[in-house]
Amino acid sequence: MLSIAKSQKKSNMEQLNGQRLQSSLPEAKLKQLFMQCANQYLARCEGKQFEVHDPALLNSLFLYFTGSAKSPYNLRKGIWLEGTVGTGKTTLVNIFREFLIVFRRGFLINTAAEIAGKYSATGNLDTYLNNATGYSARPITLCIDELGREQLPAMHFGNKLNVMQYILHQRY
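Here the residue index of a chain counts from 1 through its sequence in written order. The predicted origin of the model limits local features to residues at a pLDDT of at least 70 and limits the giving and counting of side-chain atom pairs to 80 or more, whereas totals for whole chains, interfaces and linings rest on all residues. To obtain the side-chain values, all non-hydrogen atoms of the structure were included, while hydrogens and water were left out.

## Looking at the pattern of salt bridges
Pairing is possible between side chains of opposite charge, provided their charged atoms come close. Spelled out, the test is: The salt bridge definition used is simple: a Lys or Arg side-chain nitrogen within 4 Å of an Asp or Glu carboxyl oxygen. Counting from the N terminus, the helices are DSSP H or I runs at least four residues long and the strands are E runs at least two residues long. The rule is simple: take the accessible area with a 1.4 Å probe, protein chains only, and divide by the maximum for that residue type; under 20% is buried, over 50% is exposed, in between is partly exposed.
The final tally for this structure, using the stated rule, is four salt bridges. The closest approach of N and O atoms between Arg44 and Glu98, which form a salt bridge, is 2.7 Å. Residue Arg44 is located in helix H3 (residues 27–45), and its partner Glu98 is located in helix H5 (residues 89–101); the two are separated by 54 residues in the primary sequence. What makes Arg44 partly exposed here is its relative accessible area of 46%. Among the charged side chains, a salt-bridge network with shared partners connects Glu27, Lys31 and Lys70.

## Side note on the nonpolar core
A general tendency of soluble globular proteins is for nonpolar side chains to be buried together. Condition: Nonpolar core, defined: a set of buried Ala, Val, Leu, Ile, Met, Phe, Trp, Tyr and Cys residues in which side-chain atoms within 4.5 Å join the residues together. The contact criterion used is simple: two residues touch if any of their non-hydrogen atoms lie within 4.5 Å.
Within the largest apolar cluster, 26 residues are counted, with the highest numbers of intra-cluster contacts made by Phe34, Phe50, Phe62, Phe65, Ile95, Phe96 and Phe99. Of all the elements in the fold, those that place two or more residues in this core are H3, helix H4 (55–65) and H5. The element that contributes the greatest number of residues to this core is H3, accounting for eight residues. In this structure Phe62 touches Glu27, Leu30, Lys31, Phe34, Phe96 and Phe99, once residues within four positions along its chain are discounted.

## As for the packing of H3 against H4
Working note: a packed helix pair is described by the angle between its axes plus the distance between those axes. For clarity, the cut-off: Orientation is described by axes fitted as lines to C-alpha atoms, over the contacting stretch for helices, and by angles from 0 to 180 degrees between their N-to-C directions. An angle below 35 degrees is read as roughly parallel, one above 145 as roughly antiparallel, one from 65 to 115 as roughly perpendicular, and any other as oblique.
Two elements in contact, H3 and H4, have axes whose closest approach is 12 Å; the angle formed by their N-to-C orientations is 110°. Accordingly, the angle class assigned to the pair H3 and H4 is roughly perpendicular. Contacts between H3 and H4 involve Glu27, Leu30, Lys31 and Phe34 from the first element and Leu58, Asn59, Phe62 and Leu63 from the second.

## Observations concerning H5
Stated precisely, the cut-off is as follows: One less than the number of residues in a helix, times 1.5 Å, gives the span that helix is expected to have.
Helix length check: H5, at 13 residues, gives a terminal C-alpha distance of 19 Å against a target of 18 Å (1.5 Å per residue), a fit within 8%. For H5, the set of buried residues is Thr91, Leu92, Val93, Asn94, Ile95, Phe96, Phe99 and Leu100.

## Some points on the confidence of the model for the protein chain
In plain terms, the rule: pLDDT expresses how confident the predictor is about each individual residue, on a scale running from 0 to 100.
Averaged over every residue, the pLDDT of the protein chain is 79; the share at 70 or more is 80%. Mean pLDDT in the protein chain bottoms out at helix H1 (residues 6–16), which sits at 41, and peaks at H4, which reaches 93. Here residues 1–20 is a poorly scored stretch, pLDDT under 50, and it has 37 contacts once near neighbours within four places are set aside; other chains count.

This is the structure we're talking about:
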């Protein structure tokens, strides 16, 4: 595994801040930076080092998240990560989010319960359908964690709604 000092990573990332992903750096350099970010994220959050158990899957996700034309997934659609508890789905998505923030392409990560709770409190889902202000023709990039663990249906002043079903239907 690639290891790098924290101060060195910060200066590398600062130099890249705001650059376009695919047009500015070769894929190998992006992968190296991703591994640095992954190791530092895990060291900081869990005291562990990043281990790759399925290189083909990680490469496919890397190509998807960086917007590469070589991605095996449709870049205009979402992806579904599925697995048992503790397999690292949320951690992996958090690593990709942190990596992409450097290029000003980060994304929201919310649990389904948080989104349903916000609907119950406000009745407003525009943040999850469009953008933070709700006034954009293009949806925001959003990660919904713990899908299926939210309260069904959510209620806002007597209006019942399966919030996740509604959001997924509206977006896709």
